[in-house]
Amino acid sequence: MFKQQKNKWLGSLLFFSFLLISSIGFAQSSYTVSGTVTDDSNVPVPGANVVISGTTTGTSTDFDGNFSIMAKEGDVLEFSSLGFTTVTRTVTGQSRIDVTLAEDSAQLDEVVVVGYGSRKKSDITGSVSSVKSEELNAFPVLDAAQAIQGRAAGVVVQSNNGGEPGAPINIQIRGNTSINASSAPLIVVDGFVGATFPQPNDIESIEILKDASATAIYGSRGSNGVVLVTTKKGRKGKLSVEFNTNYSIQNTANELDLLNADQFATYQQAINPGYTQGSANTDWQDLLYRSGSTQNHQFAFSGGTDKVNFYASATYFKQEGVVVNSEFERVSFLSNIDAQVTDKLKLGFNLFGSRGSKDGVPTQSTGETANGGGDDVISLLFRFAPDQPVQDANGVNTINSVGDNVDNPFAVATEGVNETKTDNYRANLYADYDIVKNLSFKTTFGLSTANGTEGVFRPSTLVVTAGAGTGGRATVQNFKRTSLLSENYLTYNKEIGKGNLNLLAGYSYQKTSTERFSAGASGFTSDSFSYFNLQSGAVQLIPTSSFSETEIQSQFGRLNYDYDDKYLITATVRRDGASNFAENEKYAIFPSGALGWKVSNENFLKDHKTISNLKLRASYGVTGNQAIAAYQSLASFGSVFTPINGTTVINVTPNQVANPDLKWESSFQTNLGLDLGLFNNRVSLSLDYYNIDTKDLIIEDTSQPQFLGFLTAASLRNVGEVNNKGFEVTLNTRNISNDNFSWTTDFNWSRNRNEFVTLLNGEDIFQDASPGYFNVPRTHVLREGEAVGVFWGFDYKGVYQGGALPEGTALLAGSDVGDQLFADLDGSGDITTDDQTIIGDPNPDWTMGITNNFSYKNFDLNIFFQGSFGGDVMNLTNVQLFNGDSNATTAILDSWTPTNTDTDIPRARLRGKQITSRFVEDGSYLRLKNLALGYNLPQEVTDRIGMDNVRFSISGQNLLTFTNYSGLDPEVSYGVVGQDSSASNTTNGFDFGNYPTVRSVNFSVNLKF
């Protein structure tokens, strides 16, 4: 036994000795050759092939164009990349070889970023859209997310509150896939998961991953798509300095045609003959709206050597809103440093920071204050009586003379305080090490923090909003969110015969903690200290504080195999464990697979004169959604006030019931795609069909009996399924290209169909998105077989002209000639809640974007149209303006009277704020989003003044909107009782109190040294 073991160990020793001697011999004749491959513009060429001529030994360049390969003196290296001519270099003892590739007549095969790596676009098997730097900077925006709008098929981008300075942006990819969890995509910036967008000038490219093949590498956070942001890097060469500055003049894109004082008095006297007209004629829109402006200044410098590259920038942005007393200011910086420490080790550091300050006015009324939403400036300026002045003869702010008892909008806007200050910082450090040939290891460590303070003050001069006689009120809220991320993964690349194999395996851990605090007071002796003097308030509001923490740890892997540059395979799997979910459902596995066939590389099509590229793609996979708050599956306690012996004490009581089986929502995604290039890729077409079944929807179950005593009546359960299916078209054409003139067109079109397949017990779920003071319990419904968030209300059938009622109609109780007719769906002869039905669908039938770029010598012209068609809008503003207790639009002058019967507008009277089809309008629109003219100084001029480039441009945004919608803007997004619409997936298409969309003219100067 011992002898056998001894012989075994001896054989192993001899074997490894032989390997060592062979390695030493090889090392004596071979050594590492490294370098960088760039194009003739000194831009790195990622994915370029570097092969020792006559052998199968080779490698490819990374995203920064760097490569390293073992070679010996006399070897001939071949450098090639699709779209470039092949270059050869002979190894003559040098350790570094830098190569410049000239662009071939064929189109350059673009390299795109994917999760944890990059791929040539021709090798992508999933559905990926790219937005490049020049598109992001075609016109000035605060948030880079805004620049994506209309640029990518299947991607809907919308401000949560019109043109409000600093308003958050909502992105939705391929429809709505959830109810209670978020439907927002995952944002990944330079590898940091869950980051915020940097400013547009710092971004190199944005990739939008849409199907499971592309997103499954992010597992439980990939069901809503993934947006990958890559910021700019430094390049080898001389120091480059860039200064970008622009200034915009902004105005409201539209205004409502409201009644003036005389018209208003006549209208009110038709309702109440005793109404006495006021002494003023105030145009509240003219008083509250102003010319706004934006200014954006960026300074950036970059450069590099053979070992170190760097990029750094600082940006100042300021916007003065078109509504008085609203503005946003932000300072941000970004820096990227990459260092090739050794031939094997590369280090990098990314740092981002910003400080934003927002002075706002309250919009999108919550309806929770002062007798009917008195805190909302936009809806107030529509509602408020035009015959009232801003202040009366005694210098006291006026309150409304009809309807709700509210302060006037100018006083609310100019005397109230709404301030928000936010700091965002993110640091990311990485190390990339080539362990052996073809095998590398990358580790990243990142930390991000967000700190915010919101202060609100309503002075005593706001008689109603601040509470009459209370001496004003103030609140302060603070939050702090910290996220720690560590990711580690191995990448293996190997040529196997005619194939190329890429393997990825890694581990990820992320921990996020959030702290919140709020306090408030009322009854101040002075308005001088705003919200900075809570301790002097006579009445202290109950302070609140909270702490939450979530963790997610994951293992992931991916295989990419390309055989003979024709057949592509991608397989991905990720296993996630998240603390958000219940004890029995902490972990889940999310797999995906995809196939691709480059038909154009087959012999029967390879030399085709017309078809230059044809690829078929198919993928299927499962992704997840765990975007719910922490501790939702756990039993919890809450506090309530209880009187004991005449003294109020705090009591502890059960808050919510536990659900030990609460788990992720899972989206089962199928994608079929075709990529076609014609005429040497002068025409490029991509078609995608997708089907997404999202199961185990997280839904609030309200069937829990109240006698159980839980404070929270609803608990989360996994019951329900929603389906999204659609078709996407992307078309890019190079129409004309010669020395002096070029013309390109980029077009995208997408159609999404959304439907609830199953809901909890098959029962309808009714929700309300109206302001609280409307007292309307239902505005929309979730129903099996219908799209998400369809409108719910009465079906309006016109004006009752007297006599017998038209068949199938009835009147509301107390109605008479000239009042509203509604469909009597239950045939009872009365209009009750049983006659409510689906009256509209906010989901558009299709969306599109088309960009034309022209260049003539040193001039260039960009024309960008964006549109949405087929979606309905619920005009809640008109629900308010047509019920008789406020001002109205001039359309009310066509109200029914005995002498004006040929009208669809009921007679003037006080009526309830009913949700009816009368206020559902077609929200289709086509918008000239951007029109920009630019000029670059001739090269001979810039050379004389010692600059690389000088560019001037003038552009206009939202110059024209073609729509039949009667409101301010059809592109609306109103949240549940005034919250951001991102807080709810089911309240699209509601228009009330939105900050107006702006029309702007922008002047820009770009200098490069």
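Residues numbered from 1 in each chain as written. Predicted model: local features only at pLDDT ≥ 70, side-chain atom pairs only at ≥ 80, totals over all residues. Heavy atoms only, no water.

Caption draft 1: Up close: a nonpolar patch on the surface. Judged by side-chain polarity, Tyr 247, Ile 249, Tyr 856, Phe 859, Leu 933, Ile 954, Val 1001 and Phe 1003 come together as a nonpolar surface patch covering roughly 710 Å² of accessible area. Counting only elements with at least two residues in the nonpolar patch, the list comes to strand E17 (237-252) and strand E52 (998-1008). Looking at where Tyr 856 falls in the secondary structure, it is placed in strand E45 (residues 846-856). Using a relative accessible area of 45% as the deciding quantity, one classes Tyr 856 as partly exposed. (Patch = residues over 30% accessible without salt bridge, like charges linked within 9 Å, V, L, I, M, F, W, Y side chains within 5 Å. Areas by Shrake-Rupley, 256 points an atom, 1.4 Å probe, with all protein chains shown as cover. Salt bridge = Lys/Arg side-chain N within 4 Å of Asp/Glu carboxyl O. Helix = DSSP H or I, 4+ residues; strand = E, 2+ residues; numbered from the N terminus. Buried < 20%, exposed > 50% of the residue type's maximum accessible area, 1.4 Å probe, protein only.)

Caption draft 2: A look at the packing of aromatic side chains. Scanning all chains against the criterion turns up 25 aromatic pairs. Measuring from ring centre to ring centre gives 4.4 Å for Tyr 116 and Phe 556, while their planes differ by 20 degrees; the resulting arrangement is stacked. You can see Tyr 116 sitting in the loop between strand E8 (111-114) and strand E9 (117-120) and its partner Phe 556 sitting in strand E26 (residues 539-563), a full 440 residues away along the chain. Here the two residues Tyr 116 and Phe 556 agree in accessibility, since each one is buried. On the basis of an interplanar angle of 90 degrees and a centroid distance of 5.8 Å, the ring pair of Phe 590 and Trp 664 is categorised as edge-to-face. In this pair, Phe 590 is assigned in strand E28 (residues 587-598) and Trp 664 in the loop between strand E31 (647-656) and strand E32 (665-678), connecting sequence segments 74 residues apart. Ring pairs connect the aromatic residues Tyr 116, Tyr 218, Tyr 489 and Phe 556, which therefore count as one cluster. (Phe/Tyr/Trp six-rings, centres within 6.5 Å; stacked < 30°, edge-to-face > 60°.)

Caption draft 3: Summary view of the sheet that holds strand E39 (residues 780-782). The antiparallel open sheet is built from 4 strands, whose spatial order is E38-E39-E40-E44. For this open sheet the edge positions go to strand E38 (765-767) and strand E44 (837-840), each flanked by a neighbour on one side alone. In this sheet, adjacent strand axes meet at a mean angle of 45 degrees when their direction is disregarded. Here 3 bridges tie strand E40 (residues 790-793) to E44, and the two strands are oriented antiparallel to one another. Pairing of Trp 792 across the sheet is with Ile 838, part of E44. (Pairing = 2+ DSSP bridges. Axes fitted to C-alpha atoms, helices over the stretch in contact; angles between N-to-C directions.)

Caption draft 4: Broad picture of the sheet that holds strand E14 (residues 192-193). Taking strand neighbours across the sheet as the criterion, the 5 strands line up as E10-E15-E16-E13-E14 in an open arrangement whose pairing is mixed. The open sheet has two free edges, formed respectively by strand E10 (128-132) and E14, since each of these has just one partner strand. With 5 bridges connecting them, E10 and strand E15 (residues 203-209) associate as antiparallel partners. Counterpart to Lys 132 in the pairing with E15 is Ser 205.

Caption draft 5: Examining the pairing of strand E13 (residues 186-189) more closely. Taking every second residue as pointing to the same face, both faces of E13 are buried, with Leu 186 and Val 188 on one and Ile 187 and Val 189 on the other. As defined by bridge partners, E13 adjoins strand E16 (residues 226-231) across 4 bridges and the pair is classed as parallel. When the bridges of E16 are listed, Leu 186 appears paired with Val 226. Pairing of E13 with E14 involves 2 bridges; the strand directions are antiparallel. The residue of E14 that forms the bridge with Val 189 is Phe 192.

Caption draft 6: Spatial organisation of the environment of Leu 142. With respect to the helices, strands and loops of the structure, Leu 142 is situated in the loop between helix H2 (133-136) and helix H3 (144-148). With relative accessibility at 13%, the residue Leu 142 sits in the buried group. The spacing of Leu 142 and Pro 409 is 267 residues in sequence and 27 Å in space, taken between C-alpha atoms. Setting aside residues up to four positions removed in sequence, Leu 142 forms contacts with Gly 166, Pro 200, Phe 317, Phe 328 and Arg 330. (Contact = heavy atoms within 4.5 Å.)

Caption draft 7: Layout of the side chain of Lys 615. Its place among the elements puts Lys 615 in strand E29 (residues 611-625). For Lys 615, the side chain forms a polar contact with the main-chain oxygen of Lys 121, separated by 3.2 Å. Here Ser 122 takes part through its backbone oxygen, which lies 3.1 Å from a polar atom of the side chain of Lys 615. Discounting residues that sit within four places of it in the chain, Lys 615 has contacts with Lys 121, Ser 122, Asp 123, Ile 124, Leu 568, Trp 597, Lys 598, Val 599, Gly 673, Leu 674 and Asp 675. (Polar contact = N/O pair within 3.5 Å; in protein donor to acceptor, adjacent residues only side chain to side chain.)

Caption draft 8: Fine view of the pairing of strand E22 (residues 417-436). Two strands pair when backbone bridges link them, and strand E21 (residues 345-359) and E22 are joined in this way by 15 bridges, in the antiparallel orientation. Bridge pairing links Lys 346 to Asp 432 in E22. As paired strands, E22 and strand E23 (residues 439-458) are joined by 19 bridges and run antiparallel to one another. Residue pairing across strands places Leu 429 opposite Phe 445, the latter belonging to E23. Connecting E22 to the next strand, E23, in antiparallel fashion are 2 residues, including Asn 438 with a positive phi near 75 degrees.

Caption draft 9: Structural view of the nonpolar core. Counting 51 residues, the largest nonpolar core has Val 323, Val 377, Leu 381, Phe 382, Met 874 and Leu 876 as the members making the most contacts within it. Mapped onto this core, the elements with two or more residues apiece are helix H5 (261-271), helix H6 (284-288), helix H7 (377-383), helix H8 (409-415) and helix H9 (876-881). Within the second largest apolar cluster, 45 residues are counted, among which are Ile 148, Ile 171, Leu 186 and Ile 187. (Core = buried A, V, L, I, M, F, W, Y, C linked by side-chain atoms within 4.5 Å.)

Caption draft 10: How the structure looks around the environment of Gly 65. By the element assignment, Gly 65 lies in the loop between strand E3 (58-60) and strand E4 (66-72). With relative accessibility at 0%, the residue Gly 65 sits in the buried group. Sequence-wise, Gly 65 and Val 99 are 34 residues apart; in three dimensions their C-alpha atoms are separated by 9.9 Å. Residues contacting Gly 65, with those up to four places away along its chain left out, are Gly 35, Thr 36, Val 37, Pro 44 and Val 45.

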